[in-house]
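This is what each chain is made of:
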Amino acid sequence: MKSTHVRSSEVEERWLLYDASEHTLGRLASAIAMALMGKDRPTWTPNQLTGAHVVVINAAQARVSGNKRATKIYPHYTRYPGGLKQVSMGDVLERRPNDVVTLAVRRMLPKTRLGARMLARLKVYPGAEHPHTAQRPVKVERAS
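Described in the following lines is the structure provided in the data block.

Thresholds, definitions, all that
Residues numbered from 1 in each chain as written. Predicted model: local features only at pLDDT ≥ 70, side-chain atom pairs only at ≥ 80, totals over all residues. Heavy atoms only, no water. Helix = DSSP H or I, 4+ residues; strand = E, 2+ residues; numbered from the N terminus. Buried < 20%, exposed > 50% of the residue type's maximum accessible area, 1.4 Å probe, protein only. Contact = heavy atoms within 4.5 Å. Phe/Tyr/Trp six-rings, centres within 6.5 Å; stacked < 30°, edge-to-face > 60°. Lys NZ or Arg CZ within 6 Å of the ring centre and 35° of its normal. Salt bridge = Lys/Arg side-chain N within 4 Å of Asp/Glu carboxyl O.

### Thoughts on the overall build of the protein chain
Okay, so step 1: Regarding its fold elements, the protein chain presents five helices and six strands.
Okay, so step 2: Along the three orthogonal principal directions, the C-alpha set of the protein chain runs to about 55 × 35 × 25 Å.
Okay, so step 3: Expressed as a percentage of its 144 residues, the buried residues of the protein chain come to 41%.
Okay, so step 4: Sequence-distant contacts, at least 24 apart, represent 68% of the contacts inside the protein chain between residues at least 6 apart.

### A word on the packing of aromatic side chains
Okay, so step 1: Tallying each qualifying case throughout the model produces zero aromatic pairs.
Okay, so step 2: When the ring centre of W44 is taken as origin, the NZ or CZ atom of K39, which lies over that ring, is 5.0 Å away.
Okay, so step 3: When the ring centre of Y74 is taken as reference, the NZ or CZ atom of K72 above it lies at 5.2 Å.

### So, unusual backbone geometry
Okay, so step 1: Positive phi is not limited to glycine here, since N58 has a value of about 55°.
Okay, so step 2: With respect to the helices and strands, N58 occurs in the loop between β2 (53–57) and α2 (68–71).

### Examining the pattern of salt bridges
Okay, so step 1: If you walk through the whole model with that rule in mind, you get three salt bridges.
Okay, so step 2: For K139, the salt bridge identified is with E22, shortest N-O distance 3.2 Å. Here E22 lies in the loop between β1 (15–19) and α1 (25–37) and K139 lies in strand β6 (residues 138–139), a separation of 117 residues in the sequence.
Okay, so step 3: Taking the shortest distance from any N to any O, the salt bridge between D99 and R96 comes out at 2.4 Å.
Okay, so step 4: Assessed through its relative accessible area of 26%, D99 is described here as partly exposed.

Below, the structure written as structure tokens:
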């Protein structure tokens, strides 16, 4: 067998569109992370940026199962003594709905400089409108 090394300049750019109101948050985030890394294509190369650009719409209507809106906590430490802040998922969805999807995807990406570049290809919008119609993103029906 021959293994091939694909450079990021040789990979054609893809744009994918996900509707967060049609998918469960965790399954949506894992499908987006796989697409951003490029692991859904045979041209995946671990040290190259071979993934797609992903646009997520309707992030404010992201579906979660169970009682996660009230019980899931997003902790944040301010680096001051006693500075642990905790916000529930329901509060984050009200104030900054983009952060719920972005955090879920970010935690599934590599914790490297390449992972940061992958995350920069993720565009999340709370409503149904997005400014990326010129790129003609392909709507993904099912996150599996």
